[in-house]
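Residues per chain, in single letters:
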Amino acid sequence: MEYTLPTKIADYAVGGDGYDLDYIFSKVFEGTTCTYDDIIFMPGYINFLPDKVDLTSYFSKHIKLNIPMVSSCMDTVTEHSMAIAMAQHGGLGVVHHNCSIEVQAHEVQLVKKYRNGVILDPIILTPEHTVSDCLKYKKEYGFAGFPITENGKLGEKLLGIVASRDIDLVEDPTTKIKDVMTSENIQTVSDKMDSAEAVELLRKSKVGKLPVVDSDGNIVALMSRTDLIKNRDFPMATTDSQGRLVCAASVGTRPIDKDRAKALIEAGVDVLVVDSSQGDSCFQLEMIRWLKTNYPQIDVVGGNVVTVRQCKHLIEAGVDGIRIGMGVGSICTTQEVCAVGRGQGSAVYFLAKYCSQFGIPVIADGGIGNVGHITKALCLGASTVMMGSMLAGTEEAPGKYFYRDGVRLKKYRGMGSLEAMEHGSSQRYFSSSHASMRVAQGVVGSVVDKGSLRQYLPYLVQGVRHGFQDLGVKSMTDLNEQRKDGRLRAEVRSSSAQVEGGVHNLHSYEKRLF
Ligand code: IMP
């Protein structure tokens, strides 16, 4: 490919201000696969504060995020706690599918029910339920305060409401709800009331739950005080049109995964990620076509891919987003075992450029090891980054902490590790469940305790904002324009420049992140 200097950058002293990405990837790296550490970006002009940087971006065509960060669909990374925390901070969690359909659908439900402006499908009990049932639901969903109707259905006459204080001192768990519920003077709100007015009423009232009723006294929805508080605490949250947290989930490519997709959609999932280690297969393409034909309202992300040829097939099948990365995850042995893959920097740059012609956002998945890598992935054209090892050590990731050599750790395993495949994830790697021998493409490891995602994620976000400020880039839109017109400049780092760019020549040091 012949390289021509874009006219708009003719003013740049050649080399003095670095080079535009087309030059770097087409000329300098010609034939060499590269990744984040191989390049470094040139600073731009600062005339704004980091807090002013707008990181709004798209995960897929219709799923807009306030921060360009997503948690991996791995069984040691994303279940409901991670998905809730990611969405509350403006990102997104992709609930893994290395579990039964019922368990995964329930995880999605927990996310969708967590934060509601108005709960349109509240859990309703009957007068014949017991205190023990109530405690069970409270444990399962993490909240109490259930409306009561004759048959436990929406649209029926509201008979009462049972809250924590109605049951917490009841000694006999078999006590019927009808004997403890509050049935007199229940505060309700009319379904005709304007929502801002209803929120004001809930704010002023002392109740935890406010049933929304129609003119006949039938319950049609429920408002929750804790949701008001959550809304106030997380103004950046990624929410759907009903104010619920947005949730993604992964599915495989086997015929049974169509049942899984159906159950997830019924549970309220907003976007499905078709999860394969090599996304260019007849199985995945057929799954994408089926999903887009039967559920056109749900965004579908395909992958993983690293070439334009693979991307083209996914786009033709109708995807709304593409996941990039093969053999680059921290727990991954794909390149070593299967001899395929690509440096993540090259893959993200070329595929993002190709996909942008079709308005398809790309997700840079795997290989993110520090905040700078996130900024670099975005500079190369990714709309969002997906992270596994970076988030697996947080409290919100599944699993318990343990100590080794005095260090607090959490287990983090590849979905292609033998251990995870024995649990069901083998299909991601096209390994038949009846295969006489499974070939691992991942390892089981551990990561250091990172504390709560609620402190760690804001650190990552602020770090990216500082990166944008140094680049002189005010938003994702600005970044995309600067990359396209050649104002975004970079250089290749020699191995000694990479050493120089890290902490060096010290006897010892302590690395505190924030
Ligand atoms: P990390 O952020 O570098 O830890 O990479 C996480 C990504 O690695 C995931 O989002 C998957 O795309 C990928 N991945 C997960 N498990 C495996 C595996 O066992 N082998 C190869 N890649 C994996």
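Relevant structure appears above.
The following refers to the structure shown. (Residues numbered from 1 in each chain as written. Predicted model: local features only at pLDDT ≥ 70, side-chain atom pairs only at ≥ 80, totals over all residues. Heavy atoms only, no water.)

1. Side note on the overall build of the protein
Threshold: Each helix is a run of H or I in the DSSP string that is no shorter than four residues. Each strand is a run of E no shorter than two, and both are numbered from the N terminus. Radius of gyration: over C-alpha atoms. The globule rule applied is 2.2 Å multiplied by the number of residues raised to the 0.38 power. Buried means the residue's accessible area, taken with a 1.4 Å probe over protein chains only, is under 20% of the maximum for its type, while exposed means over 50%, and partly exposed covers the values in between. Note on definitions: a residue-residue contact is assigned when non-hydrogen atoms from the two residues lie within 4.5 Å. Note that accessible areas follow from Shrake-Rupley with a 1.4 Å probe, and for residues the cover is restricted to the protein chains shown. Think of it this way: Lys and Arg go in the positive column, Asp and Glu in the negative one, and His and the chain ends go nowhere. Charge coordinates come from a single atom per side chain, which is NZ of Lys, CZ of Arg, CG of Asp or CD of Glu.
Secondary structure assignment for the protein yields 17 helices and 21 strands. For 514 residues, the compact-globule estimate of 2.2 N^0.38 gives 24 Å, and the protein sits close to it at 25 Å. Within the protein, the fraction of its 514 residues that count as buried is 52%. Contacts in the protein between residues at least 24 apart in sequence constitute 66% of all its contacts with a sequence separation of at least 6. For the protein, the accessible area works out to roughly 23,700 Å², and carbon and sulfur atoms hold 51% of it. Across the protein, the mean location of the 56 positive side-chain charges is 1 Å away from that of the 60 negative side-chain charges.

2. Quick look at unusual backbone geometry
In this chain, glycine 303 is followed by asparagine 304 through a cis amide linkage whose omega measures 0°. One can find asparagine 304 in strand β14 (residues 299-305). Residue asparagine 505 is not a glycine yet carries a positive backbone phi of 60°. Along the chain, asparagine 505 falls in the segment after α17 (495-500).

3. Regarding the packing of aromatic side chains
Geometry of an aromatic ring pair is reported as the spacing of the ring centres plus the angle between the planes. Put simply, the rule reads: In this scheme Phe, Tyr and Trp rings, the latter by its six-membered ring, pair at centre separations within 6.5 Å, and the angle between planes marks the pair as stacked below 30 degrees, edge-to-face above 60, and tilted otherwise. Over a ring means this: the NZ of a Lys or the CZ of an Arg is within 6 Å of the ring centre and within 35 degrees of the ring normal.
Going through the model one piece at a time under the given rule, you end up with ten aromatic pairs. Ring geometry for tryptophan 290 and tyrosine 295: centres 5.8 Å apart, planes at 70°, overall edge-to-face. The exposure class assigned to tryptophan 290 is partly exposed, which follows from its relative accessible area of 22%. Among the aromatic residues, those joined into a ring-pair cluster are Phe25, Phe29, Tyr349 and Phe350. The ring centre of tyrosine 401 lies 3.9 Å from the NZ or CZ of arginine 408, which sits over that ring. When the ring centre of tyrosine 401 is taken as origin, the NZ or CZ atom of lysine 410, which lies over that ring, is 4.7 Å away.

4. Points about helix α8 (residues 256-266)
Spelled out, the test is: Our arc is simply the arc of the directions from the helix axis toward the C-beta atoms.
Listing the buried residues of α8 in full gives Asp257, Arg260, Ala261, Leu264 and Ile265. Within α8, the buried residues cover an arc of 130° as seen down the axis, which keeps them to one side. Turned more than 90 degrees from where α8 packs its buried face, Ile256 and Glu266 sit exposed. Among the structural elements, α3 (101-114), β12 (248-251), β13 (271-274) and α9 (282-294) are those in contact with the buried residues of α8. Directly beyond the C-terminal end of α8, a positive phi value near 105° is found at glycine 268.

5. A few points about the pairing of strand β3 (residues 57-60)
Definition in use: Strands qualify as paired when DSSP identifies two bridges or more between them.
Note: β3 against strand β4 (residues 63-65), three bridges, orientation antiparallel. Bridging from a neighbouring strand, serine 60 pairs with isoleucine 63 of β4. Count of turn residues in the β3/β4 antiparallel hairpin: two residues.

6. Section: the sheet that holds strand β21 (residues 489-492)
Pairing in this open sheet of three strands is antiparallel, and the strands run β1-β21-β2 from one edge to the other. Strands at the two margins of the open sheet, each flanked by one partner only, are β1 (19-20) and β2 (39-41). Here β2 runs beside β21; their pairing, made up of three bridges, is antiparallel. Along β21, the bridge assignment pairs isoleucine 40 with glutamate 491.

7. Some words on the sheet that holds strand β19 (residues 407-413)
Note the following rule: Axis lines are fitted through C-alpha atoms, for helices just across the contact stretch, and the angle between N-to-C directions can take any value from 0 to 180 degrees.
Spatially, β18-β19-β20 is the arrangement adopted by the three strands of the open sheet, whose pairing is antiparallel. The sheet is open, and its two borders are formed by β18 (401-404) and β20 (444-448), each paired with just one other strand. Strand-to-strand twist of the sheet, defined as the mean angle between neighbouring strand axes without regard to direction, takes the value 50°. For β19 and β20, the ladder comprises five bridges, and the chain directions are antiparallel. Counted as the bridge partner of lysine 411 is serine 446 from β20.

8. Quick word on the site of the ligand
Keep this limit in mind: What makes a residue near a molecule or strand is one non-hydrogen atom of that residue sitting within 4 Å of it. Identification of polar contacts relies on pairs of N or O atoms within 3.5 Å, with a donor-acceptor requirement for protein atoms, meaning one able to donate a hydrogen and the other able to accept it, and with residues adjacent in sequence counted only if both atoms are side-chain atoms. Definitions used throughout: a 1 Å grid over protein atoms alone; a cavity as a set of points that fits a 1.4 Å probe which cannot get out; a pocket as an open set with protein on both sides within 12 Å along at least five of seven lines; a lining residue as one with an atom within 4 Å of a point. The way we define it, a molecule is inside a pocket or cavity when more than half of its atoms are within 2 Å of that pocket's grid points. In this count, Pro and Cys sit with the nonpolar residues alongside Ala, Val, Leu, Ile, Met, Phe, Trp and Tyr, while Asp, Glu, Lys and Arg are called charged and the others, Gly among them, polar.
In the vicinity of the ligand there are 25 residues, among which Ser330, Asp365, Tyr412, Gly416 and Gln441 approach most closely. Residue arginine 323 places a side-chain N or O atom 3.3 Å away from an oxygen atom belonging to the ligand. A distance of 2.4 Å separates an oxygen atom of the ligand from a polar atom in the side chain of aspartate 365. Computed on the free molecule, the ligand has an accessible area of 510 Å², of which 96% lies beneath the protein chains in the complex. Taking a 2 Å distance to the grid points as the criterion, the majority of the atoms of the ligand fall inside the largest cavity. Within the shell around the ligand, the residues separate by chemical class into eight nonpolar, 14 polar and three charged.

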